[in-house]
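# Fold and contact review
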Protein chains: 2
Amino acid sequence: MTKRIVTSIDVARLAGVSQSAVSRAFSSTASIAPATKERVFRAAETLNYRPNRIPSIMLTGRSGMIGIIVGGLRNPLYGSALEQLSSGIRDAGFQVLLVQVIDTVTLDAAIDQLAGYRVDALVTALAIGSEKTAAALSALAIPVIAFNSPLTGPGVSSVRSNNRESGRRVAHMMAEKQVRQPFWLGGPDRNAASQARKAGFLEGCAEFGMEVTMLGGDDSYQSGFDAITTALADGHRPDGLFCSNDLMGCGALDALRDRTGFSCPEDIMVIGYDNIPQSAWHGYQLSSFDQRPDALVAAALDILTRSLANPEERLSETCVIDATLVLRRSTEKPV
Amino acid sequence: MTKRIVTSIDVARLAGVSQSAVSRAFSSTASIAPATKERVFRAAETLNYRPNRIPSIMLTGRSGMIGIIVGGLRNPLYGSALEQLSSGIRDAGFQVLLVQVIDTVTLDAAIDQLAGYRVDALVTALAIGSEKTAAALSALAIPVIAFNSPLTGPGVSSVRSNNRESGRRVAHMMAEKQVRQPFWLGGPDRNAASQARKAGFLEGCAEFGMEVTMLGGDDSYQSGFDAITTALADGHRPDGLFCSNDLMGCGALDALRDRTGFSCPEDIMVIGYDNIPQSAWHGYQLSSFDQRPDALVAAALDILTRSLANPEERLSETCVIDATLVLRRSTEKPV
């Protein structure tokens with residue numbers, strides 16, 4: 001059975017009005033007699049008619065769609081941030097065109113495809129890796145909001161977390177609590193946010209004359225578990241551990257729990273990053289930096305709204321949100 | 001500074017060819033001399049030109065976009081499934097128009113908006129709640145794939161997990177292990193999948209003459225923790241617990257861990273649903289049903305591909321995927 005899409009001609013025929021009256025009834029700006037509008041709407045409901053957005057995109061050059069480029073969605077932090085961002089964009093009257101970039105598809109190819117759909121603006125949750133990509137984004141001639149990227153350009157704004165400062169803060173905290181063997185558990189090198197946290201942590205530790213032992217993971221829970229299990233088996237006895245994200249932090253805590261006679265927070269303080277729901281679970285109680293996704297998303301939506309209202313200004317703003325350290329059992333001895 | 005979008009006229013001028021030659025260069029079907037195509041591509045690269053998809057949508061009535069309707073993204077399961085679905089859709093050459101439906105926005109409104117963008121197909125991860133919504137989806141005259149919904153119609157196919165059968169299986173397993181006090185920890189009533197699991201579990205328990213005590217949560221970790229903490233404080237001593245999802249299951253395990261002298265799996269077997277990454281974490285080791293999102297997504301993509309190839313057939317298929325029970329420490333005494 002074939003089913004034809006209902007057009008404005010069908011609605012006009014049933015309502016006994018002209019096709020142009022149907023267009024005017026569905027436009028928010030055109031004038032039309034209330035009685036005619038009512039007749040059109042009744043006919044449209046009967047026929048299950050939906051106005052086609054495409055001709056209006058042709059005429060105005062605006063699609064009403066905002067592209068969002070994301071990496072993986074398995075980290076609970078991203079799911080939650082995307083949920084908030086997507087809600088905010090819809091509340092502002094736009095649709096979300098989602099592009100998920102995995103390793104094999106480059107960010108540049110995604111930019112090309114989104115441009116073809118004439119998205120009105122672009123939000124990228126992937127850190128921009130190169131000046132070339134920043135230039136390509138700028139050349140799109142639409143507002144671009146980049147998360148976690150220091151690179152900006154005409155029309156390209158940045159909303160980011162103060163990663164370096166957070167790293168320094170952990171170093172100061174460890175110095176205060178007289179940590180002697182601080183450890184860093186980092187993610188993949190290509191993660192710019194993780195690199196900034198590490199840089200700040202190393203700087204801060206150097207100020208206090210603390211030498212940092214470096215461990216590496218891939219941002220997953222299991223990699224955190226494995227890194228600490230191996231370090232302990234190798235005879236290391238860290239008394240301070242800063243993890244580049246909470247997934248690895250939870251893995252580290254489970255590795256410590258499996259080790260009898262060496263417990264957290266009595267023998268080691270552990271701090272994570274992202275404040276994912278699991279860090280608050282009773283089994284972990286991991287102290288962690290809350291990047292305040294609400295604030296990051298609100299800042300992004302604010303710049304987006306102003307950019308769309310005045311596209312010719314080619315806004316290029318940088319908004320830095322300080323992360324909040326949430327203290328839990330992994331750093332605080334129970335009183 | 002204002003920046004104008006580069007058009008095919010600009011490319012034609014720089015390449016020294018006609019505007020129609022530019023169109024033909026970017027069409028996969030039109031014929032054009034290789035040398036001319038090369039000239040167009042060089043000019044396009046210099047000017048950073050991207051062909052506009054919108055006129056082609058006007059002409060063909062196909063947008064190359066597939067709408068995905070999702071609920072919340074905070075449950076790790078949904079993030080992972082969306083990641084796979086979105087990758088598969090992009091591999092098939094389509095873009096993803098994402099609509100997130102929260103409680104205040106109805107599914108019906110989302111359907112209206114997606115129809116306006118002339119999406120080529122629709123995948124809804126939200127269970128369809130009524131015959132009316134199923135009819136509205138059918139009236140779209142595009143292929144629709146509904147997850148976790150028994151309702152289908154012309155053009156509307158269903159891909160779902162065998163929830164009821166899983167519930168029965170848990171009951172049989174508990175009977176085998178001589179459970180005497182089986183408990184059910186369910187989510188909100190509006191969750192059709194959770195209701196089906198419960199129905200199967202109750203049926204199975206009734207067969208073996210086991211009476212089930214019912215606990216309720218809201219699908220969150222904390223609600224599972226609270227429900228079990230309260231039940232234990234009230235003097236209940238369940239020896240079997242089936243949780244409608246893993247988030248509540250992890251909460252239940254933490255509540256049991258906090259309770260000295262009553263441990264899992266020695267005194268109680270616990271089974272969850274979804275097989276989220278956290279269920280495999282060393283701190284939980286929760287036995288759980290893997291809904292096989294890979295298989296569900298593959299089935300959805302298969303129906304989608306065939307539906308798009310033959311839209312006039314208005315395919316209406318039902319594909320039921322059996323969940324796999326992954327056994328871990330929460331049901332198995334360590335040997």
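Residues numbered from 1 in each chain as written. Chains lettered and ligands numbered in written order. Predicted model: local features only at pLDDT ≥ 70, side-chain atom pairs only at ≥ 80, totals over all residues. Heavy atoms only, no water.

### Some points on the confidence of the model for chain A
Residue-level pLDDT values for chain A average 86, and 90% of them are 70 or greater. The lowest-confidence element of chain A is helix α4 (residues 54-60) of chain A, averaging 63 in pLDDT; the highest-confidence one is strand β8 (residues 240-243) of chain A, averaging 98. (pLDDT = per-residue confidence, 0-100. Helix = DSSP H or I, 4+ residues; strand = E, 2+ residues; numbered from the N terminus.)

### Section: the side chain of A:S157
Residues and elements named next belong to chain A. Residue placement: S157 occurs in strand β5 (residues 156-161). Judged by relative accessible area, which is 1%, S157 ranks as buried. Within the structure, S157 has its side chain in polar contact with the backbone nitrogen of E317 (distance 2.9 Å). The residues touching S157, leaving out its near neighbours within four places in the chain, are V144, I145, A146, T152, I303, L315, S316 and E317. (Buried < 20%, exposed > 50% of the residue type's maximum accessible area, 1.4 Å probe, protein only. Polar contact = N/O pair within 3.5 Å; in protein donor to acceptor, adjacent residues only side chain to side chain. Contact = heavy atoms within 4.5 Å.)

### Section: helix α7 (residues 131-138) of chain B
For α7(B), the set of buried residues is B:T133, B:A134, B:A136, B:L137 and B:S138. Tucked inside the fold, the buried residues of α7(B) contact α6 (107-116), β3 (121-124), β4 (144-147) and β5 (156-161) of chain B.

### A short note on the pairing of strand β10 (residues 287-290) of chain A
All names here are of chain A. Here 3 bridges tie strand β9 (residues 269-273) to β10, and the two strands are oriented parallel to one another. In the strand pairing of β10, G272 is matched with S288. Strand direction decides the pairing type here: β10 and strand β12 (residues 324-326), joined by 3 bridges, are antiparallel. Opposite F289, over in β12, you have L325 as the bridge partner. (Pairing = 2+ DSSP bridges.)

### Regarding the side chain of B:S8
Residues and elements named next belong to chain B. When you line up the elements, S8 lands in helix α1 (residues 8-15). A relative accessible area of 13% means that S8 is categorised as buried. Once residues lying within four places of it in the same chain are set aside, the contact partners of S8 are Q19, V22 and Y49.

### A closer look at the environment of A:A206
Here A:A206 is to be found in helix α9 (residues 192-207). Separated by 35 residues in the primary sequence, A:A206 and A:A171 have C-alpha atoms spaced 8.8 Å apart.

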